[in-house]
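# Structure assessment
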Amino acid sequence: MERQVQRLRQAFRSGRSRPLRFRMQQLEALKRMVQEREKDILSAIAADLSKSELNAYSHEVITILGEIDFMLANLPELASAKPAKKNLLTMLDEAYVQPEPLGVVLIIGAWNYPFVLIMQPLVGAIAAGNAAIVKPSELSENTAKILAKLLPQYLDQDLYSVVNGGVSETTELLKQRFDHILYTGNTAVGKIVMEAAAKHLTPVTLELGGKSPCYIDRDCDLDIACRRITWGKYMNCGQTCIAPDYVLCEASLQDRIVQKIKETVKDFYGENIKESPDYERIINLRHFKRLQSLLEGQKIAFGGETDEVTRYIAPTILTDVDPNSKVMQEEIFGPILPIVSVKNVDEAINFINDREKPLALYIFSHNNKLIKRVIDETSSGGVTGNDVIMHFTVNSLPFGGVGASGMGAYHGKYSFDTFSHQRPCLLKGLKGESVNKLRYPPNSQSKIGWAKFFLLKQFSRGGLVMLMVACLAVAAAMIVKKYQALPRGNALLASLAVHRLRWSSKHS
Amino acid sequence: MDSFEDTLRQLREAFNTGRTRPAEFRAAQLQGLGRFLRDNKQQLQEALAQDLHKSTFESEVSEIAISQAEVDLALRNLRSWMKDEKVSKNLATQLDSAFIRKEPFGLVLIIVPWNYPLNLTLVPLVGAIAAGNCVVLKPSETSKAIEKILAEVLPRYLDQSCFAVVLGGPQETGQLLEHRFDYIFYTGNAYVGKIVMAAAAKHLTPITLELGGKNPCYVDDNCNAQIVANRVAWFRYFNAGQTCVAPDYILCSQEMQEQLVPALQNAITRFYGDNPQTSPNLGRIINQKHFKRLQGLLGCGRVAIGGQSDESDLYIAPTVLVDVQETEPVMQEEIFGPILPVVTVKNLDEAIDFINRREKPLSLYAFSKRSQVIKQVLARTSSGGFCGNDGFMHMTLSSLPFGGVGSSGMGRYHGKFSFDTFSNQRACLLRSPGMEKINDLRYPPYSRRNLRLLLVAMEERSCSCTLL
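The written sequence of each chain sets the order in which its residues are numbered from 1. Following the order in which they are written, the chains are lettered starting with A and the ligands numbered starting with 1. Predicted model: local features are reported for residues with pLDDT of at least 70 only, side-chain atom pairs are reported and counted for 80 or more only, and whole-chain, interface and lining totals are derived from all residues. Only hydrogens and water are set aside when side-chain values are computed; all heavy atoms of the structure are taken into account.

### Section: the UniProt feature "domain: Aldehyde dehydrogenase" (unreviewed entry) in chain B
UniProt positions are given in the numbering used here, feature names are shortened, and annotations may be inferred rather than shown by experiment. Listed under "domain: Aldehyde dehydrogenase" (unreviewed entry) in the UniProt record, and renumbered for this structure, are residues 7-426 of chain B. By the criteria applied, helices consist of DSSP H or I runs no shorter than four residues and strands consist of E runs no shorter than two, each listed in order from the N terminus. A distance of 28 Å separates the end C-alpha atoms of residues 7-426 of chain B, which is 43% helix and 17% strand.

### Brief notes about the pattern of salt bridges
Any Lys or Arg side-chain nitrogen located within 4 Å of an Asp or Glu carboxyl oxygen qualifies as a salt bridge. Scanning the entire structure with this criterion turns up 56 salt bridges over all chains. A salt bridge links D156(A) to R16(A), with the shortest nitrogen-to-oxygen separation between them at 2.6 Å. Placement of the pair is D156(A) in the loop between helix 6 (141-154) and strand 5 (160-162) and R16(A) in the loop between helix 1 (2-13) and helix 2 (20-36), with a sequence separation of 140 residues. Any residue under 20% of the maximum accessible area for its type is buried, any over 50% is exposed, and the rest in between are partly exposed; the area is computed with a 1.4 Å probe on protein chains only. On the basis of relative accessibility, which here comes to 16%, the residue D156(A) falls in the buried class. Here R16(A) falls in the partly exposed class, since its relative accessible area comes to 32%. The closest approach of N and O atoms between E103(B) and R426(B), which form a salt bridge, is 2.6 Å. Residue E103(B) is found in strand 2 (residues 97-104), and its partner R426(B) is found in strand 18 (residues 423-430); the two are separated by 323 residues along the sequence.

### Considering the interface of chain B and chain A
Residues are treated as being in contact if the distance between any of their heavy atoms lies within 4.5 Å. Listed per partner, the contact involves 113 residues of chain B and 110 residues of chain A. Here chain B meets chain A over a buried area of about 9,300 Å², counting both sides, of which 61% is carbon and sulfur. Our count for the contact surface shared by chain B and chain A stands at seven salt bridges. Residue R177(A) pairs with E359(B) through a salt bridge whose shortest N-O separation is 2.9 Å. Polar contacts, as used here, are pairs of N or O atoms within 3.5 Å; protein pairs need one atom able to donate a hydrogen and one able to accept it. Residues neighboring in sequence count only if both atoms are side-chain atoms. Our count for the chain B to chain A interface comes out at 36 residue pairs in polar contact (both at pLDDT 80 or more). If you tally residues by element for the side of chain B that touches chain A, the top one is helix 4 (residues 56-82) of chain B, at nine residues. For this classification, the nonpolar set comprises Ala, Val, Leu, Ile, Met, Phe, Trp, Tyr, Cys and Pro, the charged set comprises Asp, Glu, Lys and Arg, and every other residue, Gly included, is treated as polar. Tallied by class, residues from the side of chain B that touches chain A come to 57 nonpolar, 32 polar and 24 charged. Here the rule is simple: two strands pair whenever DSSP picks up at least two bridges between them. Examined bridge by bridge, strand 18 (residues 420-427) of chain A and strand 16 (residues 385-388) of chain B share three bridges and lie parallel to one another. Its bridge partner lying in strand 16 of chain B, L426(A) is registered against C387(B). Buried area: the accessible area, evaluated with a 1.4 Å probe, that two parts lose upon being put together, summed over both parts.

### Observations concerning helix 3 (residues 41-52) of chain B
Residue and element names in this part refer to chain B. Multiplying 1.5 Å by the helix residue count minus one yields the expected span of that helix. In this model helix 3 runs 16 Å from its N-terminal to its C-terminal C-alpha over twelve residues, within 8% of the 16 Å that 1.5 Å per residue would give. Within the sequence span of helix 3, burial applies to L44, Q45, A47, L48, D51 and L52. Considered in projection along helix 3, the buried side chains sweep an arc of 160 degrees and stay on one side of the axis. Residues of helix 3 that are exposed and point over 90 degrees away from its buried face: Q42 and Q50. Tucked into the core, helix 3 has its buried residues touching helix 2 (23-39), helix 4 and helix 6 (144-152). An arc is given here, and it is the one of the directions from the helix axis to the C-beta atoms.

### Focus: the side chain of S368(B)
Mapped onto the elements of the fold, S368(B) is located in the loop between strand 15 (363-367) and helix 13 (371-380). Engagement of the side chain of S368(B) in a polar contact is seen with the side chain of D220(B), the distance being 2.8 Å. Once you skip the residues sitting within four places of it in the chain, S368(B) turns out to touch L430(A), D220(B), C223(B), V373(B), I374(B) and N389(B).

Rendered as structure tokens:
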């Protein structure tokens, strides 16, 4: 493992991954891979999650194609130096922030969207000019295998590599030194990743989870709300980090909500849900059993059927759920929707705030003020109002958690930034030393005044005009006469002295 | 449990009441910080002189004025920084409201070192308060005079239900770190940085680590040696070298060294006189431990300038060492003192290799008449920040982010970057209940036809990505 990381580091050090053209070639190769090998990719995802290939395409592949196109279109702008505002002392200098690659990054994926959660970060890492190791989840075996097979066929094998394996391989990998680690998964392992990263002072992005609350106000379009919630909750059989985990609403709404979701489920998946090609299965037996245990002792208003052989769990709704019961203690990550009654929005807000900050938060209401209030008085990674999931799809919005739901963010420009070091650069010349003399010892009170003026003066329009006039005068003098250090310095100082007197009168 | 538990609980409760959120509250706190600096300027200067023998010039310029400037900048920009940041939308969300909400994290811990004890307290504090957090401040126990003022005087200027100062040494800090914070901002060394990050990992607390390293200073041939010497000397011996962004060592050719050394002597004499120990403009080493450490480094290479030391005064003369080997102790650790080793290299390539063999530094300096040389150094190395043809001037521009990379740190701050560092960037999408017909395309039963329609619609507007 160490040798593999070393190899990538050597390749990175050669500088090959830095030119924009190279990065774009790699991204185009990825795009070709996704398009040419679509069938293989889709059947791998479909096999892992019992998902139809159509769904695999719309859930995962589309996102990646979109992300690659975004990077290809925006890379020159993203990678360019951004000029920074200057103060007087640096007026004639170049000041900018230059994005640079970090080096060798590690991307650890999760099993629920096994393709997207490796590829989307990878696109960002490549765009930012890094070398990368990806470690797909071993639980989504087929996708892990296909990534290991395809990525080396399309990407530069010295800079990008796939490592597969279980806990022991991942542990070994985490002992190595990386320049950034992006991990998608659960809280417990998130802590382990950060602890391992601490040994090397490696910055991390942790995309974790939590229980994403969904508050349904009595003043909302209940039909639409239930339709949207049904879609977001049961997609991928509930195995989505930003699925609405549980519903909070007034008791009087419960029955109607159950009814409407029941109807929607029928619309979406038909009478015999098991036969619907659009309804997935639980990833493995362990999670199946875990979810089954969450149903114990609960009031099942709808659904609840399970079949161990196919790891099928029906779309299920629980009502009158006790906040202290097991189903309300952990992220569900399955097709079970508890409804917890609250008296009003105040209670809902308190309920949410008594718990860990979630990855996503949802509010359904016609009342925009109420939505704003819930946002103002709670915290979460992201929010969608009057819908679910959708904030994920806007790639001008950063996607990430806060508190126990994670740290850092990515998607689009944020991926690029996550995998870059934004390096501030100030380029001065070797001339102009007379001005510098103000800062050198031996010091005096007047020097202090000057130093403060130069360092701290904020630029106002009037000041800019004055300085430009002074500079023009100096430039004119320079053109007419040969360069002479002394007069030039004095002229500049004189104009600045006047300017400073005006500034000093405001700041003592 | 321990003495911190109550304090932290109270601060958290205060945060949960929403007290720190309104702009008026934050502005009032920031104004309090401004008054603290103005009312206590004299005492602060005296304390800095006591702790580090800082001259009035250095105190004013590198501690008080910089802190004041950050307070003023935050006050001027607070409301605009706090505003929701609107973002561009894709086709599916055209009629919706999409923005990034900046929110406080909650309870923030700021751990401060001893070398710029006022600056490195106030600048992060301004950011944390402006962003609406409650703050626990842990000043350095090593800069005792400032620690006292921060503990006894500063709280009077702030709302004490939302701000607390916690005192102690490594043991107390370790205990403090066992508690849960919502953000930790640490300035110091890499060794403790790792401990802070490991502690933060237990609670999944995001962090900023402002660490250090050996900041290389490459000097090209054909430079005006005196100008280079002036600049390098000033930044090296400022605060007796106890600056995380000071040029740590010089890389240059043998010929350049021969010009630089006399020029450095010239600069040192001009700045500090013939007997620098009597100059009011030169600082002292913070304590015995560091003094002894630095004294040990004086034996490396050959002393070309300075080399004197006086334990009773914690004084070390502005020193230049030559004939230094890469393996010697002075090239193994961050010097953090008024000692400047010169390492000779044959050419630019050798210098760049030398730099890249080592950990990424916090700052990197290159002096050259030729801009291609500067650009080459920039392109072929990495560092937290970079300044061409000067010392740490890039730090004085609050429009530039300040932070490290690799073992010199993670995260950044100053100006607006401070505000962003202490804020959670919360992605918000507010949709209308309408437009359900379009949403219908995303619902099961999935069909190729619906998918095709969606894709066609997206292609026309070159929509970036979707999960429909």
